[in-house]
Amino acid sequence: MKRMVFLLLLFAQQITTAQQVYITVNANGFVRSKNIVVATLQKHLIARAAYEVVNITTKAAAPVQQIDSNRILFILPDHLQPGEMAIYLLTKRKPAKIVNPVTVETQPGGLLVKVKGRKVFFYHTSIVPPPGNLPAYYARSGFIHPLYSPAGNIETDDFPVGHAHQHGIMMAWVNTLFKGLPHDFWNQQLQTANVKHVKVESVETGALISVIKLRLQQYSYKFGGIINEWWTITVYPFSDYFLFDLQSTQQNITNDTLYLNKYHYGSIAFRGSRQWNDADSLHYKSKWNILTDSGNSLSSADGKRAAYVSASGLIDGKTSGVTVFGFPENYNYPQPVRVHPVMPYWGFAPAATNRFFINPGAVYTSRFRYFVHNGDPDTAVLQQLNNDMVHPMEVAVSYTMDKIKTLSAY
């Protein structure tokens with residue numbers, strides 16, 4: 001009897017086809033197009049049911065992915081002008097087999113991510129030994145390389161000539177103090193600390209996106225694990241360009257504080273193509289270009305604060321690039337950046353202005369968005385993407401047309 005009552009209550013809390021659910025999207029002061037919209041409903045969705053949203057005026061429709069029991073995600077199907085508002089009706093759609101455009105393939109040594117059959121990136125779960133006669137201490141796991149452009153250019157480098165300790169997209173602290181001793185997780189040649197992949201926690205797929213949850217560890221050669229780190233990588237279904245978010249959540253798993261000393265680099269970093277590395281005489285073709293939201297370039301960006309940094313250049317005779325955005329909730333936002341004047345690498349550097357620390361049990365979270373494109377960076381597109389993060393749309397839900405309840409925007 002108790003079980004029957006519970007099931008009846010659960011059913012009553014679920015959204016049924018007879019109920020009307022309206023999602024209102026307000027563009028506020030900016031143009032919005034192909035935006036990622038996340039809404040939280042007060043009532044649970046029917047598990048494994050197929051949904052879509054339909055604009056009640058234009059009839060533009062978009063498939064919906066359930067994130068969990070009461071959160072949904074869809075790609076804005078309308079082009080909204082500043083101040084314009086759209087209202088969508090959430091409905092169940094006809095059952096049909098939906099093929100997620102984002103695939104995650106388990107391969108020897110790691111995970112290969114594709115969008116509509118195009119390679120996006122490879123994440124290394126296995127330790128990669130250094131090439132040639134390089135010392136064994138350069139071996140590394142827990143990083144992304146290659147990162148591809150939609151046209152197939154390889155945007156990153158690994159074990160680059162001159163700096164074999166840099167690896168594609170990597171996360172590592174540099175000038176730290178733990179138990180009174182210096183620890184450098186970045187410069188492997190110092191052999192005080194390092195970073196490794198630990199576990200693929202999960203790979204979640206749906207109608208639109210795939211979410212990869214990974215566990216890494218930043219560890220001391222003397223004391224063992226110091227920071228347990230979780231990467232949550234959310235890959236969106238765009239194939240003309242690639243878009244994905246990387247969230248790093250770090251927890252101090254020891255009984256001692258990790259001090260992050262003031263230093264001009266250390267955190268998330270990007271190592272660019274070997275064809276941009278003039279120390280690599282075998283592959284070098286030309287220098288890369290740097291552009292920030294403040295208009296700083298390769299010669300002026302180093303040490304400046306930046307909401308985003310765009311790196312681009314010729315690879316195999318074709319121009320392509322990668323822009324990385326920091327989210328406004330990141331510590332010390334907009335963060336200072338380290339842009340090397342000669343080598344093709346740059347990174348956000350939150351400790352560049354002051355020392356901070358991660359206490360025992362404390363968590364440090366940072367989040368970044370990657371926009372990978374063919375051709376030169378389009379400043380109008382970059383600004384629109386930045387506006388979407390700094391000035392997000394207002395997203396609200398209601399169960400009648402005359403009552404709107406504000407929800408969180410993604």
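Residues numbered from 1 in each chain as written. Predicted model: local features only at pLDDT ≥ 70, side-chain atom pairs only at ≥ 80, totals over all residues. Heavy atoms only, no water.

## As for the overall build of the chain
As a reminder of what qualifies: The helix and strand labels rest on DSSP assignments: H or I over at least four residues marks a helix, E over at least two residues marks a strand, and numbering proceeds from the N terminus. Using C-alpha atoms as the atom set, the radius of gyration is obtained and then compared with a globule rule of 2.2 Å times the number of residues to the power 0.38. We call a residue buried when its accessible area falls under 20% of the maximum for its residue type, exposed when it is over 50%, and partly exposed in between, using a 1.4 Å probe and counting protein chains only. In what follows, residue pairs with any heavy atoms lying within 4.5 Å of each other are defined as contacts. Using a 1.4 Å probe, the Shrake-Rupley method yields the accessible areas, and only the shown protein chains count as cover for residues.
Looking only at helices and strands, one finds 2 helices and 29 strands in the chain. The C-alpha atoms of the chain give 23 Å as radius of gyration, which agrees with the globular expectation for 410 residues (22 Å, within 12%). In terms of overall dimensions, the chain has C-alpha extents of about 65 × 55 × 40 Å along its principal axes. Looking at the chain as a whole, 52% of its 410 residues are labelled buried. Expressed as a percentage of contacts within the chain between residues at least 6 apart in sequence, the contacts between residues at least 24 apart total 65%. Roughly 17800 Å² of accessible area belongs to the chain as shown, and the carbon and sulfur atoms make up 54% of that amount.

## Some remarks on the pattern of salt bridges
As a reminder, the rule being used: When a carboxyl oxygen of Asp or Glu lies within 4 Å of a side-chain nitrogen of Lys or Arg, that pair is called a salt bridge.
This model, assessed by the stated rule, comprises 11 salt bridges. As a salt-bridge pair, R32 and D388 come within 2.8 Å of each other at their nearest N and O atoms. Taken as a pair, R32 in the loop between β1 (21–26) and β2 (36–40) and D388 in helix α2 (residues 379–390) lie far apart in primary sequence, 356 residues in all. Both residues of the pair, R32 and D388, belong to the buried class. Residues E201 and K199 are paired through a salt bridge, measuring 4.0 Å at the closest nitrogen-oxygen approach.

## Remarks on the environment of D278
With respect to the helices, strands and loops of the structure, D278 is situated in the loop between β20 (267–271) and β21 (289–292). Since its relative accessible area comes to 38%, D278 is described here as partly exposed. As a C-alpha pair, D278 and V342 span 64 residues in sequence and 8.0 Å in three-dimensional space. With sequence-adjacent residues up to four places away left out, D278 is seen in contact with Y284 and V342.

## Describing the nonpolar core
Applicable threshold: We call a set of buried Ala, Val, Leu, Ile, Met, Phe, Trp, Tyr and Cys residues a nonpolar core when their side-chain atoms join them within 4.5 Å.
Among the nonpolar cores identified, the biggest contains 65 residues, and F121, I169, W231, I233, F244, W346 and Y370 are the most heavily contacted of them. Take this core: its biggest share by element is 5 residues, from strand β17 (residues 224–235). For F244, the contacting residues outside a window of four places in its chain are V120, F121, L147, I169, I233, T234, V235, Y236, F368, R369, Y370 and V372. Counting 23 residues, the second largest nonpolar core, distinct from the first, contains A39, L41, A49 and L76.

## Thoughts on the sheet that holds β2
This is how the line gets drawn: At least two bridges found by DSSP between two strands is the condition for calling them paired.
Ordered by their spatial adjacency, 3 strands build an open sheet running β2-β6-β5, and the pairing between neighbours is antiparallel. Since the sheet does not close on itself, it has two edges, and those belong to β2 and β5 (65–66), each with one partner. In this sheet, strand β6 (residues 71–75) lies alongside β2 in antiparallel orientation, the contact comprising 5 bridges. Each bridged residue has a counterpart across the sheet, and for V37 the counterpart in β6 is F74.

## Concerning the side chain of Q250
The line we're drawing: Here a polar contact is taken to be a pair of N or O atoms separated by no more than 3.5 Å, where protein atoms must pair a possible hydrogen donor with a possible acceptor and residues adjacent in sequence count only if both atoms sit in side chains.
Tracing the backbone through its elements, the reader meets Q250 in strand β18 (residues 242–252). There is a polar contact of 2.8 Å between the side chain of Q250 and the side chain of W173. Residue contacts for Q250: discarding those within four places in its chain leaves M171, W173, Q218, I227, N228, E229, I358, A362, V363 and Y364.

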